[in-house]
Amino acid sequence: MNPNLSKRINAMATSATLAMAAKARELREEGKDIIGLSLGEPDFNVPEFVKDAAIEAVKENYHSYTPVDGYGDLKNAIITKFKRDNDLIYTPNQIVVSTGAKQSLANLAMVLLNEGDEVLLPAPYWVSYSDISKLAGGVPVEIPTSIESDFKITPKSLKASISSKTKMMIYSSPCNPSGSVYSREELRALADVLIDYPEIIVISDEIYEHINFTGQHTSMAVFEDMYNRTVVVNGVSKAYSMTGWRIGYIGAPDWIARACNKMQGQITSGANCIAQQATITALESSPEKIKYMIDAFKERRKLILGLIAEIPGFKTNQPQGAFYVFPDISYYFGKIIKGTTINTASDFSMYLLEKANVATVTGEAFGNPNCIRISYAASEEAITEACKRIKKALV
Ligand code: PMP
Ligand code: GLU
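Residues numbered from 1 in each chain as written. Chains lettered and ligands numbered in written order. Predicted model: local features only at pLDDT ≥ 70, side-chain atom pairs only at ≥ 80, totals over all residues. Heavy atoms only, no water.

### Overview of the sheet that holds strand β14 (residues 372-375)
Reading across from one edge, β9-β14-β13 is the order of the three strands in this open sheet, with antiparallel pairing throughout. Each edge of the open sheet carries a strand with a single partner, namely β9 (324-325) and β13 (361-362). As paired elements, β9 and β14 share two bridges and run antiparallel to each other. Paired with Val325 across the bridge in β14 is Ile374. (Pairing = 2+ DSSP bridges. Helix = DSSP H or I, 4+ residues; strand = E, 2+ residues; numbered from the N terminus.)

### Concerning the pairing of strand β2 (residues 95-98)
Residues Ile95 and Val97 line one face of β2 and the alternating positions Val96 and Ser98 line the opposite face, and both faces are buried. Judged from the four bridges that link them, β2 and strand β8 (residues 248-251) form a sheet pairing that is antiparallel. Of the residues in β8, the one forming a bridge with Val96 is Ile250. (Buried < 20%, exposed > 50% of the residue type's maximum accessible area, 1.4 Å probe, protein only.)

### Some words on the site of ligand 1
Gly100, Ala101, Lys102, Trp126, Tyr129, Asn176, Asp205, Ile207, Tyr208, Ser237, Lys238 and Arg246 make up every residue found near ligand 1. Within the side chain of Asp205, a nitrogen or oxygen atom sits 2.5 Å from a nitrogen atom of ligand 1. The contact in question runs from an oxygen atom of ligand 1 to an N or O atom on the side chain of Arg246, over 2.7 Å. In isolation ligand 1 has 390 Å² of accessible area, and contact with the protein removes 93% of it. Here the shell around ligand 1 is built from residues that sort into five nonpolar, three polar and four charged. (Near = heavy atom within 4 Å. Polar contact = N/O pair within 3.5 Å; in protein donor to acceptor, adjacent residues only side chain to side chain. Areas by Shrake-Rupley, 256 points an atom, 1.4 Å probe, with all protein chains shown as cover. Nonpolar A, V, L, I, M, F, W, Y, C, P; charged D, E, K, R; others polar.)

Distances and angles like these do not, on their own, reveal function.
Below you can see the structure in the form of structure tokens.
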């Protein structure tokens, strides 16, 4: 920590997902054969038809600054996508395109939170929710869950976590890291609690919408009594394997979208012009076109769950979406494995990196200190080899 830096940055944790990915990269450069299962990044190429649209945009001389909240034709494509996939109706003034869903989330925290406002985070939650909230002065309040309840909160646990300071709730479904998917009925039951607290804004992170093996995705915004206080966050990183292209977006009440537009106008301006043009093509295409990736993730889930079941001391739920498994490995706490003492999930994840050369992420970063996150957005060979190495390092 450097005292010359702001208190703001000194108080911020480094993103655990990105830190582990950087560490794996470093070790690889040193010549170690690391299998990276830390980063949630599809290993597929960007679909050809999306690449073609980007090439076309370059040729058509797209190069200027873009409108801060996104090209009008992209906003229209997003509106059509929301109607087609989610039964949600938005107008252009309710859409803001950003440099990744991460920026969408940061905008929302910055425009909605005041110092001391509480942010409900059903745990486990995606790493950055907590630090983004804190950066904006918010106070994260974790809502605990258990593996037995598929890592889902209940109306009772939600109600018990609400205080007079609660301003926001952020959750993802399908969930990173647990893979849990809230059904329409479960979301309705949570909404029934929230209707008594109209000041709470719900941020529904639906970036894994298409990577959902239940066949049913529901947005909290679809309920009429929640629409005006729910912000839907989505993007193309996961479903279209466009992580580095950096396009995310929101569908929000007009007053929130306007504030995000203002915030973004001072911080980054509009998102990249070529990536926006390619995103129009991605979103206008039928979700059938990306089904081959979803099918592959489903196969890999089966593979990894089978392999993990053979490793002693790993307890998992059955993830229904996204591309992670989140095993409880607390069985190893207090044990000495081949001379290394394991007291925490961080110790365990480090042990796997050093002794099995497999990169995972500690559950502590996701608000669950008993688990580690393993991404199965990797080839079947990599998954098989990683599990073999993990097993060997532990028995
Ligand atoms: N939300 C969740 C749940 C994520 O896993 C991620 C990781 N990419 C993001 C948001 C941010 O995505 P983007 O690449 O669009 O910034
Ligand atoms: N969201 C991905 C993950 O959870 C990518 C890394 C990040 O953006 O933090 O691994």
